[in-house]
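Here is how the chains run, residue by residue.
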Amino acid sequence: MRNDAAGLPDAHERLLIDQAIAAQRNRPGALLGILEMVQEANPRKYLSAAALAYIAEKTGLPPAQVYSVATFYALFNLTPQGENVVCVCRGTACHTRGSRDLLEKVSLDLGLDWDAMSGTGEADKLALATPDRSFTLRTVACFGQCAMAPVVEVNHRVLAHVNERTLHREVRARARERK
Ligand code: FES
């Protein structure tokens, strides 16, 4: 679909990017809007290196600026996402109500290597996809819904006061939908 090796997105994505740039022209925060539109249009909901380079070229912005905006905001993905996205909040309120245990349990449910992840010290800043790309497991610093801690989002649906059983059920249901 894309041609990262040559540093250029395919024709379809170039067209989408051109349209996003035209739609955001002269708007405040245009770059953010462009990145959002391009990511949303991507079937795997991510911004490839080729897409970022092309956005820089077409907007005239320095590539480093485009890249730093894409990496600064948690909503942007730089790797292909799974069909389902489970996002566990790792903010203080959620942490004190057990979000780390939820993260460990769901990572094991999804067959992700929790021991390797937790051993890296990076387990609180995750964005991992299962090998079959059916799920991506992510973390976020805070959803701004602390009164409902612990909070988990599944495919952008907010689940409040989550426990291991409800999260397990939710993940199983999403997995069954694929079959
Ligand atoms: S800390 Fe989890 S929603 Fe705020």
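Higher on the page you've got the structure.
Quick caveat, the model's predicted, so the values are computed rather than measured. (Residues numbered from 1 in each chain as written. Predicted model: local features only at pLDDT ≥ 70, side-chain atom pairs only at ≥ 80, totals over all residues. Heavy atoms only, no water.)

Trainee: Before we go on, may I ask you to explain the packing of helix H2 (residues 30–41) against helix H3 (residues 49–59) in this structure?
Mentor: What describes two packed helices is the angle between their axes and the distance between those same axes. The geometry of H2 relative to H3 is characterised by a closest axis approach of 12 Å and an angle of 140° between their N-to-C directions. When the axes of H2 and H3 are compared, the pair comes out oblique. Here H2 and H3 pass one another in a crossing that is right-handed. The residues of H3 that touch H2, namely those facing Leu31, Ile34, Leu35 and Val38, are Leu52, Ile55 and Thr59. (Axes fitted to C-alpha atoms, helices over the stretch in contact; angles between N-to-C directions. Helix = DSSP H or I, 4+ residues; strand = E, 2+ residues; numbered from the N terminus. Parallel < 35°, antiparallel > 145°, perpendicular 65-115°, else oblique. Left-handed = near helix turned anticlockwise from the far one by under 90°. Contact = heavy atoms within 4.5 Å.)

Trainee: Looking at this structure, I do not really get unusual backbone geometry. What am I missing?
Mentor: Of all residues except glycine, most have a negative phi; of all peptide bonds, most are trans. Cis geometry marks the peptide bond from alanine 149 to proline 150, where omega comes out at -5°. Among the secondary structure elements, proline 150 is positioned in the loop between strand S3 (135–140) and strand S4 (152–154).

Trainee: In this structure, what is going on with the layout of surface pockets? I would like to understand it.
Mentor: Here the idea is plain: a probe the size of a water molecule rolls over the atoms and shows the empty space left. When its volume is computed, the largest pocket comes out at roughly 620 Å³. If you trace the largest pocket, you find 21 residues lining it, with Gln39, Leu75, Asn77, Val85 and His156 closest to the centre. At the level of elements, H2, strand S1 (84–89) and S3 are the ones that each hand at least two residues to the lining of the largest pocket. Classifying every residue of the lining of the largest pocket gives 7 nonpolar, 7 polar and 7 charged. Composition of the lining of the largest pocket by domain shows at least three residues from each of domain 1 (4–72) and domain 2 (84–178). (1 Å grid on protein atoms, 1.4 Å probe; cavity = no way out; pocket = protein on both sides within 12 Å on 5 of 7 lines; lining within 4 Å. Points joined across faces, edges and corners; volume = space filled by probe spheres on them. Nonpolar A, V, L, I, M, F, W, Y, C, P; charged D, E, K, R; others polar. Domains from an automatic or database assignment.)

Trainee: What should I look at first to understand the side chain of threonine 136 in this one?
Mentor: Residue position: threonine 136 is located in strand S3. Overall, the relative accessible area of 1% leaves threonine 136 in the buried class. A distance of 2.5 Å separates a polar side-chain atom of threonine 136 from the backbone nitrogen of glycine 82. (Buried < 20%, exposed > 50% of the residue type's maximum accessible area, 1.4 Å probe, protein only. Polar contact = N/O pair within 3.5 Å; in protein donor to acceptor, adjacent residues only side chain to side chain.)

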